[in-house]
Amino acid sequence: ALGVSNGTDGLKLALKAVGVDHGDEVILPAYSFFSTASVIAHLGAIPVFVDLDPATLLMDPDRIPAAISEKTKAIMPVQLYGQTADMDSIMKIAEQYSIPVVEDAAQSFGVKYRNKPAGAIGSAGAFSFYPTKNLAAAGDAGMVVTQDDEIAEKMRQLRVHGDIGGYQHQSLGWNARMDGFQGAILSLKLERLEAQQQIRQRNAEEYLNALTSQQLTDRVKVLERTAGSDHCWHQFIILVDDREQVREQLSQRGIASGVYYPGTLPAQPCIKELNCPPGDFPIADDAARRVLALPIHHRLKEGDPSRVVQALAEILETAKG
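Residues numbered from 1 in each chain as written. Predicted model: local features only at pLDDT ≥ 70, side-chain atom pairs only at ≥ 80, totals over all residues. Heavy atoms only, no water.

Caption draft 1: Structural context of the nonpolar core. Residues L15, I27, Y31 and I75 are the most contacted members of the largest nonpolar core, which totals 65 residues. Within the second largest apolar cluster, 23 residues are counted, among which are A210, W233, V246 and A311. (Core = buried A, V, L, I, M, F, W, Y, C linked by side-chain atoms within 4.5 Å. Buried < 20%, exposed > 50% of the residue type's maximum accessible area, 1.4 Å probe, protein only.)

Shown next as structure tokens:
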């Protein structure tokens, strides 16, 4: 595990260390934070998007084989919102085609999939400690992990300008070290993480119980759990119609909400030269229209999620009337 300057640089180091270079292709989900795609483009490689599993909004393994070509040099699942994708299926495909897997685990620190830690299931993985994350620095910070000694050494060099020691630059790397102050902050916050995670888990359970008791599950879709995966509840995501109207009504009641994310990766203006035809990613498109994140952070008090759901029930009942 190596501290790095941020999660984005971590992804870039991991991809470079497993061999991704100019003109190569990397398979990734069509829906994530922008850096998942941008790091590929910054390496001169080509993002190749696949659609999502509609139950979890994570990479759909069944769509990966059709996206593989002779140029494919990595598969990059995103462990979005706090749980992992179906890693058994993804790793089986990767092994069949001898393609390394780099995990974007920015939102899933501490999560395990079938007793394997997220980020360390594939060849390498990257975490973000941005201030909004469950384990948060005071500014930008991140971490890369691997169980491969060769990849570890490459990442160790790449984060310090490719220096192998004595100002000998064997490769062209970057200045991507973690600041020592952020490391100190993270060491302190790590001691509090387990207690904060228990509160997030309590909040998630209260949300799920309240949505059922308010009989909202036919109008509010809650994402399903990946079989075998823990969940750190970085976000509590629901899918609703008329999202902006719902958000406005929640805001008027003093309830904050978020949209992660309002657009798909292929639809971003700076990636449009890839010429992904509209409609190629219907699940991702639907998510971009309907995803809504409700408050779940550890500062919520017991009963707060129930009050959020009560407000949501009133809003949806008024809209129905």
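Having seen the model, we can carry on.
Caption draft 2: Layout of the environment of A94. Looking at where A94 falls in the secondary structure, it is placed in helix 4 (residues 87-97). For A94, a relative accessible area of 3% puts it in the buried group. Separated by 28 residues in sequence, A94 and G122 have C-alpha atoms that sit 9.1 Å apart. (Helix = DSSP H or I, 4+ residues; strand = E, 2+ residues; numbered from the N terminus.)

Caption draft 3: Quick peek at the packing of aromatic side chains. Following the criterion strictly, the structure yields eight aromatic pairs and no others. Relative to F127, the ring of F109 has its centre 5.5 Å away and its plane inclined at 80°; by these criteria the two rings are edge-to-face. Residue F109 is located in the loop between strand 5 (102-104) and strand 6 (112-113), and its partner F127 is located in strand 8 (residues 124-128); the two are separated by 18 residues in the primary sequence. Measuring from ring centre to ring centre gives 4.6 Å for Y207 and F236, while their planes differ by 20°; the resulting arrangement is stacked. Taken together, the positions of Y207 in helix 6 (residues 180-213) and F236 in strand 11 (residues 236-239) put the pair 29 residues apart, joining distant regions of the chain. (Phe/Tyr/Trp six-rings, centres within 6.5 Å; stacked < 30°, edge-to-face > 60°.)

Caption draft 4: Region of interest: empty space enclosed by the protein. Across all of its chains, the model carries two cavities of 30 Å³ or more by this definition. Looking at the largest cavity, its volume works out to about 80 Å³. Around the largest cavity sit Y81, Q83, V222, L223, E224, R225, H231, W233, Q235, F236 and I237, which together line it. Residues that form the lining of the largest cavity fall into these classes: six nonpolar, three polar and two charged. Approximately 40 Å³ is the volume found for the second largest cavity. (1 Å grid on protein atoms, 1.4 Å probe; cavity = no way out; pocket = protein on both sides within 12 Å on 5 of 7 lines; lining within 4 Å. Points joined across faces, edges and corners; volume = space filled by probe spheres on them. Nonpolar A, V, L, I, M, F, W, Y, C, P; charged D, E, K, R; others polar.)

Caption draft 5: Expanded view of the sheet that holds strand 4 (residues 72-75). Strands sit in the order 3-2-4 across an open sheet of three strands; the sheet is parallel. Every other strand in the sheet has two partners, leaving strand 3 (46-50) and strand 4 as the edge strands with one partner each. Sheet twist, expressed as the average angle between the axes of neighbouring strands with direction ignored, equals 30°. Where strand 2 (residues 25-29) lies against strand 3, five bridges are found, and the strand directions are parallel. Its bridge partner being in strand 3, L28 is matched across the sheet by F49. (Pairing = 2+ DSSP bridges. Axes fitted to C-alpha atoms, helices over the stretch in contact; angles between N-to-C directions.)

Caption draft 6: Main features of helix 2 (residues 35-42). The element helix 2 is extensively covered by neighbouring structure, given that six of its eight residues are classed as buried. Among the residues of helix 2, S35, T36, A37, S38, V39 and I40 are the ones counted as buried. On its buried side, helix 2 packs onto helix 1 (7-17), strand 2, strand 3 and strand 5. The first or second residue beyond helix 2 is G44, which carries a positive phi of 80°. (Contact = heavy atoms within 4.5 Å.)

Caption draft 7: Highlighting the packing of helix 1 against helix 5 (residues 149-158). At a minimum axis distance of 9 Å, the contact between helix 1 and helix 5 shows a crossing angle of 130°. When the interaxial angle is binned, helix 1 and helix 5 end up oblique. Where helix 1 crosses over helix 5, the two elements pack in a sense that is right-handed. When helix 1 is examined against helix 5, the residues L13, A14, K16 and A17 are found in contact with a partner set consisting of I151, K154, M155 and L158. (Parallel < 35°, antiparallel > 145°, perpendicular 65-115°, else oblique. Left-handed = near helix turned anticlockwise from the far one by under 90°.)

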